[in-house]
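Here is how the chains run, residue by residue.
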Amino acid sequence: MTYARIIGTGSYLPEKVMTNEELATFVDTSDAWIRERSGIGQRHIAAEGETTVDLAEHASRRAIEAAGLQPEDIDLIVMATTTPDQVFPSSACLLQARLGNVGSPAFDIQAVCSGFVYALSVADQFVRNGSAKRALVIGAETFTRILNWEDRTTCVLFGDGAGAVVLEASEEQGILSTHLHADGRYSECLHVPPGVSQGYQAVLEGRAWVEMKGSEVFRMAVAKMGEVVEEALEANGLNREELDWLIPHQANIRIIKATARKLHMSMDKVVLTVEHHGNTSAASIPLALDAAVRDGRVQRGQLLMLEAFGGGFTWGSALLRY
Ligand code: UT7
């Protein structure tokens, strides 16, 4: 049986850091409120002119290097982003031109904060059915570009960043399952209302901003993040005690803690990075994974549960043997 196995991880955060204190100098908020309600201490902000593909390129090169490969060894690029550089071509194509592995398929996935799990699931199918041997999967965002810096209910929560993994076809166990879900009836709970086909004006005027009904998103996120873990364990005949690490979407420490409580999982088994970069949407899971791989917490052979929830609503899991 062929599995898609992670053989390298990488991530990148822009240089500029904005602390809660700095944010509180121009938004009616405080370090205490942000930390208590979300667990966020700071976020990284892309420099002027620095784009999602720039961040993705750094993370990708690090992941490819960690895999011991060259960019030309990659035969599929799947990139999750909500904040692409251009309307078209896809950010994956722009990235491919920089990496130089031309000719192989490259495309974007749009599932907001669940984007990385969606992208991983798609790439997994390509690898398992023999269509790709080495896939680069990226989650990259410049989410701060779509924030209304006068709306304290959203702008304190998000940041920019990118994370990537290289998958390789292997007889050894890798991704064991992915489960994806969506419920489009909730689209207005978390969205950027303007877009291309509705008329471009708001986008051109820089008013294409995130709007969120925070407490509804919160409630649903806790419910669904718990459900997807149970769903994946049941599908694989595993117990939650067998999980070595839960690597959840990093949006809010209270959502993560509530999910862990529901699952009777100790927070010692949960990878947490939200304090350092806030909610980076599709980038958050590969950023957390890369941090835990590089600091030695995640070891070869361990069982990892990745799970996400985001706009759409979308949610999903990936269970894998690292
Ligand atoms: O990836 C998925 C994307 N999003 C999420 O996962 C976010 C999900 N939601 C959340 O994380 C939480 O709902 C928030 C962090 C957004 C808000 O936390 P909350 O505990 O649900 O607070 P709240 O919205 O009920 O607001 C409580 C109070 C309100 O004041 P009043 O009406 O009680 O007087 C808000 O106006 O806090 C006020 N408030 C703030 N105060 C200081 C809202 N934002 C801020 C702020 N600073 N930034």
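Numbering of residues starts from 1 in every chain and runs along the sequence as written. Side-chain atom pairs in this predicted model are given and counted only at pLDDT of 80 or more, local residue features only at pLDDT of at least 70, and totals for whole chains, interfaces and linings cover all residues. Heavy atoms from the whole structure form the basis of all side-chain values; hydrogens and water molecules are not counted.

Participant: How would you summarise the sheet that holds strand S1 (residues 3–12) if you had to cite specific residues and measurements?
Facilitator: Here, strands pair whenever DSSP counts at least two bridges between them. Numbering of helices and strands runs from the N terminus; a helix is a DSSP stretch of H or I covering at least four residues, while a strand is a stretch of E covering at least two. What the five strands build is an open sheet, ordered S1-S7-S6-S4-S5; its pairing is mixed. Here the strands that pair on one side only, and so sit at the sheet edges, are S1 and strand S5 (106–109). Between one strand axis and the next, the sheet turns through 20° on average, direction left out of account. Where strand S4 (residues 76–80) meets S5, four bridges bridge the pair, whose relative direction is parallel. If you follow Ile-77 over to S5, its bridge partner there is Ala-106. Any two residues whose heavy atoms approach within 4.5 Å are treated as being in contact. Here an axis means a line fitted to C-alpha atoms, over the contact stretch when the element is a helix, while the angle between two N-to-C directions is reported on a 0 to 180 degree scale. With respect to the sheet, helix H5 (residues 115–128) is in contact with S1, S4, S5, strand S6 (134–142) and strand S7 (160–170), its orientation differing from that of S6 by roughly 165°. The strands that helix H11 (residues 284–294) touches are S1, S6 and S7; relative to S1, the one it contacts most, it runs at about 90°.

Participant: Help me get a handle on H5, residues and values and all.
Facilitator: The span expected for a helix works out to 1.5 Å for each residue beyond the first. Between its terminal C-alpha atoms H5 stretches 20 Å, which fits the 20 Å expected from 14 residues at 1.5 Å a residue. Burial analysis of H5 places 10 of its 14 residues in the buried class, the great majority of the element. Whether a residue is buried, partly exposed or exposed follows from its accessible area with a 1.4 Å probe, protein chains only, as a fraction of its type maximum: under 20%, in between, or over 50%, in that order. Along H5, the residues classified as buried are Gly-115, Phe-116, Val-117, Tyr-118, Ala-119, Leu-120, Ser-121, Ala-123, Asp-124 and Val-127. Taken from the residues just after H5, Gly-130 is the one with a positive phi, measuring 90°.

Participant: Describe the packing of aromatic side chains, with residues and values.
Facilitator: What characterises a pair of aromatic rings is the spacing of the ring centres plus the angle enclosed by the ring planes. The pairing test for Phe, Tyr and Trp rings, Trp by its six-membered ring, is centres within 6.5 Å, and the orientation test on the planes gives stacked under 30 degrees, edge-to-face over 60, and tilted for anything in between. Overall, the coordinates contain six aromatic pairs when judged by the stated rule. Aromatic ring contacts, followed pair by pair, group Tyr-186, Phe-309, Phe-313 and Trp-315 into a single cluster. In this structure, Arg-300 is placed above the aromatic ring of Tyr-322, and the distance from its NZ or CZ to the ring centre is 3.9 Å. To sit over a ring, a charge needs its Lys NZ or Arg CZ within 6 Å of the ring centre and within 35 degrees of the ring normal.

Participant: Which residues make up the sheet that holds strand S12 (residues 303–310), and what values go with them?
Facilitator: If you walk across this open sheet you meet the four strands as S8-S13-S12-S11, and the pairing is mixed. Lying at the two open borders of the sheet, with one neighbouring strand each, are strand S8 (175–182) and strand S11 (245–248). The average undirected angle you get between the axes of adjacent strands in this sheet is 10°. Pairing geometry for S12 and strand S13 (residues 314–321), over eight bridges, is antiparallel. Across the sheet, Leu-306 pairs through a bridge with Ala-318, a residue of S13. Packing against the sheet, helix H8 (residues 214–236) makes contact with S8, S11, S12 and S13, and its axis sits at approximately 145° to S12.

Participant: Which residues make up the domain arrangement of the protein, and what values do they have?
Facilitator: Reported domain spans reflect what an automatic or database domain assignment gives. With domains assigned, the protein is organised as domain 1 (3–172) and domain 2 (176–321). The centre of domain 1, based on its C-alpha atoms, is set 14 Å off from the matching centre of domain 2. At the interface, 54 residues of domain 1 touch 46 residues of domain 2. By definition, the buried area sums, over both parts, the 1.4 Å-probe accessible area that each loses when the two are put together. Carbon and sulfur atoms supply 62% of the area buried between domain 1 and domain 2, which totals about 3,800 Å² over both sides. When the area that domain 1 buries against domain 2 is broken down by residue, the three leading residues are Cys-113, Val-117 and Tyr-118, summing to 16%. What counts as a salt bridge is simple: a side-chain nitrogen of Lys or Arg found within 4 Å of a carboxyl oxygen of Asp or Glu. Inspection of the domain 1/domain 2 interface yields one salt bridge.

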